[in-house]
Amino acid sequence: MALDKNGIAKRIAQELRDGYYVNLGIGIPTLVANYIPEGMDVILQSENGLLGIGPFPDEEAVDPDLINAGKQTITTMPGAAFFDSSASFAMIRGGHIDLTVLGAFEVSEQGDIASWKIPGKLVKGMGGAMDLVAAAKNIIAATIHTDKDGNSKLLKKCTLPLTGVSCVKRVITDLAVVDITPAGFKLIERAPGVSVEEIIKATEGTLIVEGDIPEMRI
Amino acid sequence: MNKVVKDAREAIQGITDHMTIMFGGFGLCGIPENCLKELAATGIKGLTCISNNAGIDGFGLGVLLAKHQMKKMIASYVGENKEFERQLLSGELEVELIPQGTLAERIRAGGAGIPAFYVPAGYGTEVQGTKEVRAFNGKMHLLELGMTADFAIVKAKTGDTRGNLIYNKTANNFNQAMATAGRITIAEVETLVPYGTLDPNHIHTPGIYVHRIFQGKDYEKRIEFRTVKS
């Protein structure tokens, strides 16, 4: 069966490693913070100027001077650090962030990603997404494999305005884990109970399937 | 040396129609509330505003939108504001969207006397436009320009009479870079202290960048998305 959003987040959490500095985008990526393995030190970056995002505050600890990049009130973890926006993007642009996870409208088999603008709908802006995808060493796109009408979001070429080119390394969806390779999408894992055929059918781009594809262990 | 002014009204003297003004803050966090309210009361028009966001209806930069004082908004993200959407769709307001890190660096560079620099953000996207493209170490970059403004208006937690500033938590955000990039920089602070009382180790913005400073009042510090432990 296809995973729900929390299932996708759980699978993404398996990509985390001890000592990683990680930036999580808005949407499914934010949920990953709930599934950081016990005992693993992962430091979350908020691009408005914080390393060490903590959980949402208790009612009495709400502080208007302490928010995340989604403008939600948060807390800090012990050992956190504050800095200004230019320093924040210097650490992003400088390649110091180990892993970036962001949501996507579309991903192409070249690793292009579209995530910020749908023509005809009101444009709100790219925020920090273009800076993140242009510079991060390791970018995972999190998305539902197909849209509401069943159209694939894993395409030969993106149709929507791009956020970045040739940057996504891995796509984790409700159906599969797929890597971006020079030859196209490569199927790595399938969601529990989802067949390879279902994934092929839901993928518009070239999908390489080699040998037995293991099920995700959620 | 006297940088201390009485209040927001005195601080914004010299701001006139069609100027370019930077406003510190991220969402509603760390915004110069006093100066924004005072500007809204002046009726100054045709402003080009540089700020990461455009406030919400009736608060933050939203107060300038409500009075049609803004000609152009330069920002990275402008959601959460109906009047903004309305003015944008009706053609009253021009908007230029810039990737957030590029925006921050353009302001930092402007204040640091760097006219232009290369970044990878936006390559291969709409942001590229007609910008110069150049490869470094096999990676494509865009030439971006440093940015300054007629006035930069920032908000800090604490300041001293020489203009040294200390920000609080994530209320620093764009304030620190913008403070360096105004031909005239105005700082409004929650607490103004005599110079010599702040620990020089803890200063974020050295006073050299700040031309006018005052202690603000009645800070509302509204929260856009109040989220608590469930």
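Since we're looking at a predicted model, the values are computed, not measured.

**Some points on the overall build of chain A**
Scanning chain A from N- to C-terminus turns up five helices and 13 strands. For 218 residues, the compact-globule estimate of 2.2 N^0.38 gives 17 Å, and the C-alpha radius of gyration of chain A, at 17 Å, lies within 12% of that figure. Taken along its principal axes, the extent of the C-alpha atoms in chain A is 50 × 40 × 30 Å. Taking all contacts inside chain A whose residues are at least 6 apart in sequence as the whole, residues at least 24 apart take part in 61%. Total accessible area on chain A is roughly 9,300 Å²; 52% of this is exposed by carbon and sulfur atoms. Side chains of chain A carry 20 positive and 28 negative charges; the gap between the two charge centres is 6 Å.

**Brief notes about the overall build of chain B**
Scanning chain B from N- to C-terminus turns up six helices and 11 strands. Referenced to the eigenvectors of the C-alpha coordinate spread, the extents of chain B come out at roughly 50 × 50 × 40 Å. When each of the 230 residues of chain B is scored for burial, the buried share is 56%. At a minimum sequence separation of 6, the contacts of chain B that also span at least 24 residues come to 72%. Carbon together with sulfur atoms contributes 51% to the accessible area of chain B, which is approximately 9,600 Å² in total. The centroid of the 26 positive side-chain charges in chain B is displaced by 3 Å from the centroid of its 24 negative side-chain charges.

**As for the pattern of salt bridges**
Tallying each qualifying case throughout the model produces 27 salt bridges over all chains. A salt bridge links B:Glu224 to A:Lys71; the nearest nitrogen and oxygen atoms lie 3.4 Å apart. Here A:Lys71 lies in the loop between strand S3 (50–53) and strand S4 (76–82) and B:Glu224 lies in the segment after strand S11 (212–215), a pairing that spans two chains. Judged by relative accessible area, which is 5%, A:Lys71 ranks as buried. In this structure, the salt-bridge partner of B:Arg183 is B:Asp150, at a minimum N-O distance of 3.0 Å. Residue B:Arg183 is found in strand S10 (residues 182–193), and its partner B:Asp150 is found in strand S8 (residues 149–160); the two are separated by 33 residues along the sequence. Each of A:Arg11, A:Glu15, A:Arg170, A:Asp179 and A:Glu189 takes part in a single network of salt bridges with overlapping partners.

The rules behind these values
Residues numbered from 1 in each chain as written. Chains lettered and ligands numbered in written order. Predicted model: local features only at pLDDT ≥ 70, side-chain atom pairs only at ≥ 80, totals over all residues. Heavy atoms only, no water. Helix = DSSP H or I, 4+ residues; strand = E, 2+ residues; numbered from the N terminus. Rg over C-alpha atoms; globule rule 2.2 N^0.38 Å. Contact = heavy atoms within 4.5 Å. Areas by Shrake-Rupley, 256 points an atom, 1.4 Å probe, with all protein chains shown as cover. Lys, Arg positive; Asp, Glu negative; His and termini not counted. Charge placed at Lys NZ, Arg CZ, Asp CG, Glu CD. Buried < 20%, exposed > 50% of the residue type's maximum accessible area, 1.4 Å probe, protein only. Salt bridge = Lys/Arg side-chain N within 4 Å of Asp/Glu carboxyl O.

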